[in-house]
Amino acid sequence: LADTIQLQMKEVTGSKYIPASGDFYLLNETDNLGVLVEVGFLTNTQDLTQLKTEDYREELAFSIYKGISQFLEKLF
C-alpha cells in the first residue's frame, strides 16, 4: 500500500523517497492495514510554501486517494 501511494505522490512532489517499514505503535497495535503518510515538512520553506496552497493540498490528497484505489483494485 505504501509503495502504491508513494508512486502516486511522486507525480505531485517529485520525491525520490522510498517507503520503509518502521516500529510505530499506531501500526503495530492494530490488526488493520495502515500507512503513515508525510506530505512535507513545515521547517522546509519550499514545503511550507506549497502546503499553504489549497491546490497543492488537493493534489496531494488526490494522489493518496489514487494510490489507495489502485491498491484495492489489485486485491479485488
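Refer to the preceding data block for the structure.
Description of the structure in this document. Keep in mind the model is a prediction, meaning the values are calculated, not measured. (Residues numbered from 1 in each chain as written. Predicted model: local features only at pLDDT ≥ 70, side-chain atom pairs only at ≥ 80, totals over all residues. Heavy atoms only, no water.)

In the contact formed by helix H1 (residues 2-13) and helix H4 (residues 54-75), the axes pass within 8 Å of each other and the chain directions differ by 150°. With respect to each other, H1 and H4 are oriented roughly antiparallel. Viewed along their axes, H1 and H4 form a crossing whose handedness is right-handed. Here Thr-4, Ile-5, Gln-8, Met-9, Glu-11, Val-12 and Thr-13 of H1 come into contact with H4, specifically with Tyr-56, Glu-59, Leu-60, Ser-63, Ile-64, Lys-66, Gly-67, Ile-68, Gln-70, Phe-71 and Lys-74. The class makeup of the residues in the contact of H1 with H4 is 8 nonpolar, 6 polar and 4 charged. (Axes fitted to C-alpha atoms, helices over the stretch in contact; angles between N-to-C directions. Helix = DSSP H or I, 4+ residues; strand = E, 2+ residues; numbered from the N terminus. Parallel < 35°, antiparallel > 145°, perpendicular 65-115°, else oblique. Left-handed = near helix turned anticlockwise from the far one by under 90°. Contact = heavy atoms within 4.5 Å. Nonpolar A, V, L, I, M, F, W, Y, C, P; charged D, E, K, R; others polar.)

Moving on to a nonpolar patch on the surface. A cluster of nonpolar side chains, namely Ile-68, Leu-72, Leu-75 and Phe-76, defines an oily patch on the protein surface of about 450 Å² accessible area. For Ile-68, a relative accessible area of 36% puts it in the partly exposed group. (Patch = residues over 30% accessible without salt bridge, like charges linked within 9 Å, V, L, I, M, F, W, Y side chains within 5 Å. Areas by Shrake-Rupley, 256 points an atom, 1.4 Å probe, with all protein chains shown as cover. Salt bridge = Lys/Arg side-chain N within 4 Å of Asp/Glu carboxyl O. Buried < 20%, exposed > 50% of the residue type's maximum accessible area, 1.4 Å probe, protein only.)

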